[in-house]
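Structural overview
Below are the chains, spelled out letter by letter.
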Amino acid sequence: MQRAQGAIEYLLIIGAAILIVAIVILATSGVLSGGQSQVSVSQGSETISVQGLQDAKDLAQGISTERSNIGPGETQDVNLTLVPKTGNFADAFNGLPLGTTLVINSKSYTMTTSGWNPSLPADLTIGTTITVTAPSTSTVQIVQKGTSSSNSNSAVTAQSACGSDNNSEVSFPPSTGACSSGTASQIVTTSTKYDWNCSSQTNTVACFATRHVASGSLADPKVITSPRDLQDMNINADMNYLLSSNIDIYAATHSGGELWNNGAGFIPIPELKGQFDGGSHTISGIMINSSGGNAALFAHASAGSSIKNLTLSNFDVTSGGFYAAPLLAYGTANISNVHVLNTSVKSTFGGNSLAGGLVGSLDNGSIQKSSSSGNILVASSIAGGIASVIWNGTTISETKSSVSISVAGSDCDDLGGIVGYMGRGASISDSYATGKIDGANGCTGDCRNVGGLVGITYDLVNISNSYSTGAVFAKDSRYGGVPLGGLIGNGSALISNSFSAGQVSYSGPNTGSVGGLIGSSSGTISNSFWDKNSSDINVMCGSGIGCNDLNGMTQAYFYSSSNQPMASWDFANKWATVAGAYPKLKWETQ
């Protein structure tokens, strides 16, 4: 199509830029006339775009526009209903040549010496098709795409008015404020954000949509939609991120995938300084194989960072370095509503490495309303079903683990169903573990400090309203004691309103420090007990202080909340009775 010198300049719209009104010229041949320039139309049809209704008017009078450039691979249409800056929709078409006809939703309108007959509607509605027949042999058709069933990309809502001028001169579908100039707020579709830029023209306000580039603030996070987006988070640690959909990364991180990296798989994000909001979506299938570095989705999290509303499924994490975990290797973060499903963590490092079912080490952070399932295999590590180490005031609450921990190496100490090692004011409350903690089978040396909930504690940490039911195993041949306990292996803790009900078993010639509840205690214990039948251990503590061997009960004793020490528990807010079973935490039953 030949274009006159009077044509409006080429409109390049970044990314998914979609212009507001599309014009389809349908003709067999001919010339649009009337105006300062002409446009020839060849056989067939061609789609061209205009800036607003004023340009539609100009086009009908013979001034052409360039064809729009929609970004690579983009097919979406963004909807906008324009009204004139003064008057109504009809004003935008006033001045067209006599004899011009418009067909709007199958109804015809004709320009006469007295104006449009009949009068034009006040505004376009989304989905309206307008056919403009100029006084020539050519027909111009204006199609405003919208929420019709044939357009699957019509999910558009406006957040607020644009600029500072709110005078109802332009309306967005379905409707919001207005602007005469300036930059509009974001228009959000199901997976894409657009920015509007509006400017005044004769009898109209023209607004343009460009694909939004997130600032990375909490209010405007960077959106993650693909495996590549996730991996590219290592470019900017300062941003806040939002996962907009489920992502399966199995193919990308395995042989031949774009994130295969010669067998290393996904490269851990070096740093998280802001917030990662999973949007209640799932990342699945990641393979991480780090020969010497930290293996986790995030290698480190800075103070003030947070991770929430996320599920990690079927992760395969192998580390030859110091840390191994699905979510976070180490750092300071607030973690909430994060769940790990069916995940394998393997630590092959020969020293005292840290392996966790959710995180490696957490310093002055928090974990709440989270869970982990799967298995951990360690060579010589501190390991926990949720975290290997928590310290410096870190809290864990309303969290559960069914992770099984096993050993394939020597001298593996500090294994726990929730945490391997905790100290310096850390606490666990309203949480439980059910996984098997096996520090004996597969261990070629000694494996000590093993507990169903915590392996070892220091500095009078606090454990309350928590329990473990998983079997625990330990092995000792050299040290004169394991220690091994159904709830805690070893250490100083303030323990209250808690119990253990799993098997407690050890191997080796030294049988000291094996207890039904705690292996070796140097803290205080209140209103807590253990099942002496399931544990096959008749003493609360293998050694230490604060122990009461009378608190070893049979399973049936647990069924009644009126029995001590359960009669002192808070069954209104913390605990719930279950017919014919051990009590459960209240949040488990809600």
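Residues numbered from 1 in each chain as written. Predicted model: local features only at pLDDT ≥ 70, side-chain atom pairs only at ≥ 80, totals over all residues. Heavy atoms only, no water.

**Here we look at the overall build of the protein chain**
A tally of helices and strands in the protein chain yields five helices and 54 strands. Total accessible area on the protein chain is roughly 22500 Å²; 47% of this is exposed by carbon and sulfur atoms. (Helix = DSSP H or I, 4+ residues; strand = E, 2+ residues; numbered from the N terminus. Areas by Shrake-Rupley, 256 points an atom, 1.4 Å probe, with all protein chains shown as cover.)

**Observations regarding the pattern of salt bridges**
Tallied over the entire structure, the rule returns seven salt bridges. In this structure, the salt-bridge partner of glutamate 588 is lysine 584, at a minimum N-O distance of 4.0 Å. We classify lysine 584 as partly exposed; its relative accessible area is 32%. (Salt bridge = Lys/Arg side-chain N within 4 Å of Asp/Glu carboxyl O. Buried < 20%, exposed > 50% of the residue type's maximum accessible area, 1.4 Å probe, protein only.)

**Examining the environment of glycine 452**
By secondary structure assignment, the location of glycine 452 is in the loop between strand E39 (450-451) and strand E40 (454-464). Between the C-alpha atoms of glycine 452 and isoleucine 488, which are 36 residues apart in sequence, the distance is 6.3 Å. Discounting residues that sit within four places of it in the chain, glycine 452 has contacts with Gly416, Gly417, Ile418, Ala433, Ser468, Val472, Gly485, Gly486 and Leu487. (Contact = heavy atoms within 4.5 Å.)

**Some details on the state of the cysteines**
Under the counting rule described, the total for this entry stands at one disulfide. The side chain of cysteine 541 participates in a disulfide bridge whose partner is cysteine 547; the two sulfur atoms lie 1.9 Å from each other. The disulfide joining cysteine 541 to cysteine 547 has a torsion of about -100 degrees about its S-S bond and is therefore left-handed. Note on cysteine 541: relative accessible area 9%, which makes it buried. With a relative accessible area of 30%, cysteine 547 lands in the partly exposed category. The thiol of cysteine 412 is unpaired, and the distance to the nearest cysteine sulfur, on cysteine 447, comes to 4.7 Å. Owing to a relative accessible area of 0%, cysteine 447 belongs among the buried residues under this scheme. (Disulfide = S-S within 2.5 Å.)

**As for the sheet that holds strand E43 (residues 484-485)**
Read from one edge to the other, the open sheet built from seven strands follows the order E23-E25-E29-E34-E39-E43-E47, with strand pairing classed as parallel. Among the strands making up the open sheet, the edge pair consists of strand E23 (323-324) and strand E47 (514-515). Bridge count between E39 and E43: two bridges; the pairing is parallel. Residue pairing across strands places glycine 451 opposite glycine 485, the latter belonging to E43. (Pairing = 2+ DSSP bridges.)

**Looking at the pairing of strand E48 (residues 518-521)**
Of the strand pairs in this sheet, strand E44 (residues 488-496) and E48 are connected by three bridges, and their pairing is parallel. Across the sheet, asparagine 490 pairs through a bridge with serine 520, a residue of E48. When E48 meets strand E51 (residues 541-544), the two strands line up parallel, connected through three bridges. Of the residues in E51, the one forming a bridge with serine 521 is glycine 544.

**Quick notes on the environment of glycine 417**
As for its placement among the helices and strands, glycine 417 is situated in the loop between strand E34 (415-416) and strand E35 (419-422). Taking the C-alpha atoms as reference points, glycine 417 and serine 402, separated by 15 residues in sequence, lie 7.6 Å from one another. When residues no more than four places from it in sequence are discounted, the contact partners of glycine 417 are Gly384, Gly385, Ile386, Ser401, Ala433, Ile437, Gly451, Gly452, Leu453 and Val454.

**Digging into the packing of aromatic side chains**
All chains considered together, the criterion is met by 18 aromatic pairs. Each ring, one from phenylalanine 499 and one from tryptophan 569, has its centre 6.3 Å from the other, and the planes form 20 degrees; the classification is stacked. Of this pair, phenylalanine 499 sits in strand E45 (residues 499-500) while tryptophan 569 sits in the loop between strand E52 (552-553) and strand E53 (575-576), and the two are 70 residues apart along the sequence. No difference in accessibility class separates phenylalanine 499 from tryptophan 569, as the two residues are buried. (Phe/Tyr/Trp six-rings, centres within 6.5 Å; stacked < 30°, edge-to-face > 60°.)

**Quick word on the nonpolar core**
Counting 82 residues, the largest nonpolar core has Leu230, Phe276, Ile283, Phe298, Leu327 and Ile335 as its most contacted members. If one sorts the elements of this core by residue count, strand E24 (residues 328-347) sits on top with six residues. Residues in contact with isoleucine 335, not counting those within four places in the same chain, are Ile307, Leu327, Leu328, Leu358, Val359, Ser366, Ile367, Gln368 and Ser370. Counting 13 residues, the second-largest nonpolar core is a separate cluster that includes Tyr467, Phe529, Phe571 and Tyr582. (Core = buried A, V, L, I, M, F, W, Y, C linked by side-chain atoms within 4.5 Å.)

**Description of the environment of glutamate 398**
For glutamate 398, the position within the fold is in the loop between strand E31 (395-397) and strand E32 (400-401). Here glutamate 398 falls in the partly exposed class, since its relative accessible area comes to 26%. The spatial distance from the C-alpha of glutamate 398 to the C-alpha of serine 370 is 7.1 Å, given a sequence separation of 28 residues. Non-local contacts of glutamate 398, meaning those with residues more than four positions away in its chain, are made with Gln368, Lys369, Ser370, Ser429, Asp430, Ser431 and Trp587.

**Overview of unusual backbone geometry**
Cis geometry marks the peptide bond from asparagine 117 to proline 118; its omega dihedral reads -5 degrees. Tracing the backbone shows proline 118 in the loop between strand E8 (115-117) and strand E9 (129-133). Cis geometry is found at the peptide bond from glutamine 564 to proline 565, where omega equals 5 degrees. Relative to the helices and strands, proline 565 is located in the loop between E52 and E53. Of note in this structure, asparagine 342 is not a glycine but carries a positive phi near 50 degrees. On the secondary structure map, asparagine 342 appears in strand E24.

**What about the side chain of serine 284?**
On the secondary structure map, serine 284 appears in strand E19 (residues 275-284). Every residue in contact with serine 284, bar those within four places of it in the chain, is listed here: Ile247, Asp248, Ile249, Tyr250, Ser313 and Phe315.

**Quick word on the confidence of the model for the protein chain**
Per-residue confidence for the protein chain gives a mean pLDDT of 73; residues scoring 70 or more make up 66%. Here residues 196-209 scores under 50 on pLDDT; set against residues more than four positions off or in separate chains, the count is 74 contacts. (pLDDT = per-residue confidence, 0-100.)

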